[in-house]
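Secondary and tertiary structure notes
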Amino acid sequence: MLDQQTMDIVKATAPVLKDHGVAITSHFYKRMFENNPEVRHFFNHTNQKRGRQPEALANAVYAAAVHIDRLEAILPAIQPALHKHKSLNIRPEHYPIVGENLLGAIQDVLGEAATPDIIDAWAKAYGVIADVFISLEKQMYADAPWIGFKPFTVAEVIEDTPEVKRFHIKANDGVVGTAIPGQYISVQAHIAGEDILHHRQYSVVETTEDGYWIAPKAEGLVSNWLHEQTVGTEIPVSAPAGEFVLEDTDRPLTLVAGGIGITPLFNMAKTALGQGRSVTLLHAVRSTNLRPLSEELDELVNVGLHLITHVDDTYQVA
Amino acid sequence: MSATQLEALDVEGHDVYTCGPTAMMETVVQMIPQARYEFFGPSAVLAKA
């Protein structure tokens, strides 16, 4: 529990962090990757280059500062981060690394404006915020079918469209947990010529008895690497995670997908139809021959899916 | 995906989920506020935070 003076300082300095948020977090990542290269592999370096991660972190830090006296208010907002952390096997020992470098970055960017009192208050606040994350993640790990990455093997590869391949990956020990429709798994990629491991998340199209179907689109470093993998390749995979999941209700379901965004929604549609729910799916694609999971969707139409395919060849990936 | 198509969807009383590239999905979420969404990339975190 933070004392009132600490909370007052943190809340009073929140606007400053908002103004300098991206500068601070951009410097934070640079500093952390230099000081602690062992954590580089946890981060999506494509998003780093595009500035997405510094922006996301700046937003999260600001939100935490504003709500420092009632952190429960940010619990819904941090759910995606908690699940991503679980999927990447972020552990309690990683939090001090982030804290030290974040405080250092605040000090570096704000200069003399970051007085010892302000840095001290932020150090205390970070400790409280980190404890919230660590506590919630501890429970998530306790509930997981396995912790961290374990070996899977590519059992089947299907050319789905010119851009998408479907992979059936099976756990080497035969043990998997059912992915709630909408959840993803993380794939760990050892890419030749890269000095770090890379991780990417792929929605589970379907859980099988001993594995998962995923359907990556060939874009980006890891997905392109994945497309080169063949039957028999061993790939480390983490347990299903993600809070974007199908709620267990009996209400009619409407799904709206853009391109490869169909993957989590396909799992939702198939599951909901199996439960007797009414399901409508609007799927926007650039052309019919680029519609992922086309045959599988047509099969769902045969069991009651109301499918609307919208073709727009002017569509560009954002 | 046009606004007309989204307007044509009868989503009253429905659970609505949407997933896809950020620019496209922003339109969906604006027109169907109850939609739960998953943008590609960390924009979802930004939008929810």
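Parameters and conventions
Residues numbered from 1 in each chain as written. Chains lettered and ligands numbered in written order. Predicted model: local features only at pLDDT ≥ 70, side-chain atom pairs only at ≥ 80, totals over all residues. Heavy atoms only, no water. Helix = DSSP H or I, 4+ residues; strand = E, 2+ residues; numbered from the N terminus. Buried < 20%, exposed > 50% of the residue type's maximum accessible area, 1.4 Å probe, protein only. Contact = heavy atoms within 4.5 Å. Areas by Shrake-Rupley, 256 points an atom, 1.4 Å probe, with all protein chains shown as cover. Buried area = accessible area lost by both parts, 1.4 Å probe. Salt bridge = Lys/Arg side-chain N within 4 Å of Asp/Glu carboxyl O. Nonpolar A, V, L, I, M, F, W, Y, C, P; charged D, E, K, R; others polar. Pairing = 2+ DSSP bridges. Axes fitted to C-alpha atoms, helices over the stretch in contact; angles between N-to-C directions. Parallel < 35°, antiparallel > 145°, perpendicular 65-115°, else oblique. Left-handed = near helix turned anticlockwise from the far one by under 90°. Domains from an automatic or database assignment. Polar contact = N/O pair within 3.5 Å; in protein donor to acceptor, adjacent residues only side chain to side chain. pLDDT = per-residue confidence, 0-100.

1. Some details on the overall build of chain B
Looking only at helices and strands, one finds three helices and two strands in chain B. Each helix and strand of chain B, ordered N terminal to C terminal, gives the series α-β-α-β-α. For chain B, the proportion of its 49 residues judged to be buried stands at 49%. Excluding contacts between residues fewer than 6 apart, the proportion of contacts in chain B whose partners are at least 24 apart in sequence is 12%. Summing over all exposed atoms, chain B offers an accessible surface of approximately 2200 Å²; the carbon and sulfur share of this is 51%.

2. A few points about the pairing of strand β1 (residues 15–20) of chain B
The buried count for β1(B) comes to six of six residues, which makes it a mostly enclosed element. Of the two faces of β1(B), both are covered, the one formed by B:Asp15, B:Tyr17 and B:Cys19 as well as the one formed by B:Val16, B:Thr18 and B:Gly20.

3. A short note on the interface of chain B and chain A
Counting from both sides, the interface comprises 30 residues of chain B and, opposite them, 35 residues of chain A. Between chain B and chain A, roughly 2900 Å² of surface is buried when both sides are summed, and carbon and sulfur atoms account for 64% of that area. At the boundary of chain B and chain A, one finds two salt bridges. Taking the shortest distance from any N to any O, the salt bridge between A:Arg277 and B:Asp15 comes out at 3.0 Å. For the side of chain B that touches chain A, the secondary-structure elements that each account for two or more residues are α1 (3–8), β1, α2 (22–31), β2 (36–39) and α3 (43–48) of chain B. Here the side of chain B that touches chain A takes six residues from β1(B), the largest share from any one element. Considering only residue class, the side of chain B that touches chain A consists of 18 nonpolar, seven polar and five charged. Relative to β1(B), strand β7 (residues 253–258) of chain A runs parallel, the two sharing five bridges. Its bridge partner lying in β1(B), A:Ala257 is registered against B:Cys19.

4. Some details on the packing of helix α2 (residues 21–35) of chain A against helix α6 (residues 95–110) of chain A
Residue and element names in this part refer to chain A. It is the contact of α2 with α6, at a shortest axis distance of 8 Å, that shows an interaxial angle of 130°. Relative to α6, the element α2 is oriented oblique. By crossing handedness, the relation of α2 to α6 is classed as right-handed. Where α2 approaches α6, its residues Ala23, Ile24, His27, Phe28, Arg31, Met32 and Asn35 are matched on the opposing element by Ile97, Val98, Glu100, Asn101, Leu102, Gly104, Ala105, Ile106, Asp108, Val109 and Leu110.

5. Brief notes about the domain arrangement of chain A
Residues and elements named next belong to chain A. Split by domain assignment, chain A resolves into domain 1 (4–143), domain 2 (149–238) and domain 3 (253–311). Just the C-alpha atoms count here: the centres of domain 2 and domain 3 sit 21 Å apart. With 15 residues of domain 2 in contact, the opposing surface of domain 3 contributes 15 residues. For the pair domain 2 and domain 3, the summed buried surface comes to about 1300 Å²; carbon and sulfur atoms form 57% of the total. Area buried by domain 2 at its contact with domain 3 is led by Glu163, Pro181 and Val205, which between them contribute 34% of it. Here domain 2 and domain 3 share three salt bridges between them. Connecting domain 2 to domain 3 are five residue pairs in polar contact (both at pLDDT 80 or more). If one sorts the elements of the side of domain 2 that touches domain 3 by residue count, strand β4 (residues 198–207) sits on top with four residues. Of the residues in the side of domain 2 that touches domain 3, the class split is seven nonpolar, three polar and five charged.

6. Regarding the confidence of the model for chain B
Residue and element names in this part refer to chain B. When pLDDT is averaged along chain B, the result is 74; 76% of the residues meet or exceed 70. The spread of mean pLDDT over the elements of chain B runs between α3, the lowest at 34, and β1, the highest at 92. Counting interchain partners and residues more than four positions distant, the pLDDT-below-50 stretch residues 41–49 has 17 contacts.

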